[in-house]
Amino acid sequence: ALSMPSPCFILVTLTSSLYLLSTFTSYNVNAQSPPSPYITSSSSGTFNFSCAEASFTNDLRINNTLSLSSLFNKVNEINTQQMTSSLGIFNILSYGAVGDGSTLCDGAISSAIAAMLASSYSSAVLYFPPGTYRVASTILFSGRSIKLAIKGEDTTSHILWESGVNLFKFDANMCKYLSITGLMITSTTITKPGNTWTFHTTDCVGCIFSRIYVYSPSYKTTCSQSVWGGLLLYGNTDGVTVQDLTMQGYFGTAVRISAGSAVRINNLLTIACYNETAPANLRRISNTALGVHATGQLTSLHIDNMFSQYNIYGVHVANVTTGISNGNVFIANSAFYHGTRGISIVDSSRVEIKSCHIEGSDHVGIYGGDLGATIQVNGGRVIHSGVHIGQPDCTANGQVCMGIILTSGYLMLTNTEIR
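What counts, and at which threshold
Here the residue numbers are simple positions, counted from 1 along each chain's written sequence. In keeping with the model being predicted, local features are shown solely for residues with a pLDDT of at least 70 and side-chain atom pairs are shown and tallied solely at 80 or more, while totals for entire chains, interfaces and linings include all residues. Side-chain descriptors were evaluated using all non-hydrogen atoms of the structure, hydrogens and water having been removed beforehand. In this scheme, strands are said to pair when DSSP sees at least two bridges between them. Under the DSSP-based scheme used, a helix requires at least four consecutive residues in state H or I and a strand at least two consecutive residues in state E, with every element numbered from the N terminus. Fitted lines through C-alpha atoms serve as axes, helices being fitted only where they are in contact, and the angles separating the N-to-C directions of these axes extend from 0 to 180 degrees. Confidence scores per residue from the predictor, reported as pLDDT, run from 0 to 100. It only takes one pair of heavy atoms within 4.5 Å for two residues to be counted as in contact. Nonpolar cores were defined as sets of buried Ala, Val, Leu, Ile, Met, Phe, Trp, Tyr and Cys residues, with membership established by side-chain atoms within 4.5 Å. Any residue under 20% of the maximum accessible area for its type is buried, any over 50% is exposed, and the rest in between are partly exposed; the area is computed with a 1.4 Å probe on protein chains only. Here a polar contact means two N or O atoms within 3.5 Å. Within protein one must be a hydrogen donor candidate and the other an acceptor candidate, and residues neighboring in sequence count only if both atoms are side-chain atoms. By salt bridge we mean one thing: a side-chain nitrogen of Lys or Arg within 4 Å of a carboxyl oxygen of Asp or Glu. For a helix, the expected span equals 1.5 Å multiplied by the residue count minus one. Patch construction takes residues with relative accessible area above 30% that form no salt bridge. Like charges are linked within 9 Å, and nonpolar side chains (Val, Leu, Ile, Met, Phe, Trp, Tyr) are linked within 5 Å. Reported accessibility uses the Shrake-Rupley method at a 1.4 Å probe radius. Residues are deemed covered only where the shown protein chains occlude them.

Pairing analysis gives 7 bridges linking strand β17 (residues 208-215) to strand β19 (residues 237-248), with the strands arranged parallel. Across the sheet, residue Phe209 finds its bridge partner in β19, namely Val242. Here 10 bridges tie β19 to strand β21 (residues 260-271), and the two strands are oriented parallel to one another. Paired with Asp238 across the two strands is Ser261, which belongs to β21.

Our next topic: the sheet that holds strand β18 (residues 227-234). Sheets are built from strands paired through backbone hydrogen bonds, the pairs being either parallel or antiparallel. Pairing is parallel across the open sheet formed by 10 strands, whose spatial order is β11-β14-β16-β18-β20-β22-β24-β27-β30-β33. A strand with exactly one partner marks an edge of an open sheet, and here the two such strands are β11 (139-141) and β33 (402-406). In this sheet, neighbouring strand axes are inclined to one another by 10° on average, regardless of whether the strands run parallel or antiparallel. Where strand β16 (residues 197-202) lies against β18, 5 bridges are found, and the strand directions are parallel. Looking at the pairing, Thr202 lines up with Tyr234 of β18.

Quick look at the confidence of the model for the protein now. Residues with a pLDDT of 70 or more make up 72% of the protein, whose mean pLDDT is 78. Throughout residues 1-66 the model reports pLDDT below 50, and contacts reaching past four residues in sequence, or to other chains, amount to 127 contacts. Below a pLDDT of 50 lies the segment residues 386-393, which in the model reaches 18 contacts outside its immediate sequence neighbourhood of four places, other chains included.

It is characteristic of soluble globular proteins that their nonpolar side chains tend to be buried jointly. Within the largest apolar cluster, 82 residues are counted, with the highest numbers of intra-cluster contacts made by Leu126, Phe128, Phe141, Phe168, Phe170, Phe209 and Ile265. It is helix α2 (residues 106-118) that provides the largest number of residues to this core, a total of 6 residues.

In this structure, Leu413 sits in strand β34 (residues 409-414). Residue class for Leu413 comes out partly exposed when judged on its relative accessible area of 45%. A C-alpha to C-alpha distance of 4.9 Å links Leu413 and Val377, two positions 36 residues apart in sequence. Beyond its immediate sequence surroundings of up to four residues, Leu413 is in contact with Val377, Ile404 and Ile418.

Walk down a regular strand and you will see the side chains alternate between the two sheet faces. Judged by how many residues are buried, β16 sits mostly within the fold: 6 of 6 residues are covered. Relative to β16, strand β14 (residues 168-170) runs parallel, the two being bridged by 2 bridges. In the strand pairing of β16, Phe168 is matched with Phe199.

Now for unusual backbone geometry. Excluding glycine, a negative phi dihedral is what most residues carry, and trans is how most peptide bonds are arranged. At Arg211, a residue that is not glycine, the phi angle is positive and equals roughly 55°. Phi is positive for Ser355, which is not a glycine, with a value near 55°. Its location among the elements puts Ser355 in the loop between β28 (350-354) and β29 (357-359).

To continue, consider the side chain of Asn166. By the secondary structure assignment, Asn166 is in the loop between β13 (157-161) and β14. Within the structure, the side chain of Asn166 is placed 2.7 Å from the backbone nitrogen of Trp197, a separation counted as a polar contact. In this view, Asn166 contacts Ser137, Thr138, Trp161, Asn195, Thr196, Trp197 and His200; residues no more than four positions away in its chain are not counted.

Okay, the pattern of salt bridges next. As enumerated under the stated definition, the model contains 5 salt bridges in all. Residue Arg211 pairs with Asp154 through a salt bridge whose shortest N-O separation is 2.6 Å. Of this pair, Arg211 sits in strand β17 while Asp154 sits in the loop between β12 (147-152) and β13, and the two are 57 residues apart along the sequence. Residue class for Arg211 comes out partly exposed when judged on its relative accessible area of 37%.

Spanning 13 residues, α2 covers 18 Å between terminal C-alpha atoms, matching the ideal 18 Å at 1.5 Å per step. Buried residues of α2: Asp106, Ala108, Ile109, Ala112, Ile113, Met116 and Leu117, and no others. In the core, the buried residues of α2 are packed alongside β7 (89-91), β8 (100-104), β9 (123-128), β10 (131-135), β11 and β12.

As a further point, take a nonpolar patch on the surface. A contiguous nonpolar patch, built from Leu411, Leu413 and Ile418 and spanning about 240 Å² of accessible area, is present on the exposed surface. Summarising the element assignment, Leu411 is placed in strand β34.

Spelled out as structure tokens, the structure:
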């Protein structure tokens, strides 16, 4: 079904034919009853649609016959490009943003958020059309409770992060069923200080983070403009999905999770800062980089299809508040390369590791601390631990380099290769 903001006008000009908009009512083209829309005839054979300040012209004839699919595709295209607040959709271009890569857009984005919060809608979309938008301060989402979706068009909706403060920060009212999809974010100008996040959230419930790419241009060399952290899920986090998130070039944490339940991470790519010109065993730069860090008490955490490289710990499960269990942690179909520990468990969580590949850890592939974790490893491989420390043997500098270390608790191995 198609819907359009009001007022809208559709004009389709064909050769020697007259069609009224009512012809298309079965497709809900005029679901919102635009005033006096019409389709009429002329010799041009062109299609023209105008809505608000947008105007488009396109030849949609196929063998001198109007293609209905072309008509509806064009209406859908324009609905996407010309979203307005009358539909609860707030296009940042309508509030002064310019996607030319040189105009600062902080004020325009904040104006769009203010308009959204001043509206009566219980849900809204903040839309980033294709373009490159400079941001040099924190974009704050704070106010009344609203179901918010931030939507871009993947790598064509590009944000240049030019400050040393959080990029997006959300209070708890804005984190109920928050959805962020389709954004590319590049860190420029300045290295972000510690505990600075791309997305800082509080008490996320039912949130979705999908198709997000966070990138530092110098991540293979000096990391001089690198990101500190990606996604912070602070407070009580329940029913959150992180999917298709890419973090390249950071020296803090890609995803940090506090207390809660039912957190699902799928298709996560994390590559911390490294120096590609250094020997293979000395490339890792950051001694603080973590892929996924669970810091509070979680009843369930599922990680599937994760790739980790040059993190000190690929996954670090550590209830730093009480030292007790993070509940059930499932890690499957993932790969961890060139860290200090591939997977690190330092509380009493119950952890299942299935079909994972852990290679080149300079301390240990899988680590279980002295608080009594239960670790089950089913399939997969843990190989070459200790060989990338840059020393003659893996015990140099006080290291104890092993495939798996468990100082307390239970360990079950099934069909797992360790060498």
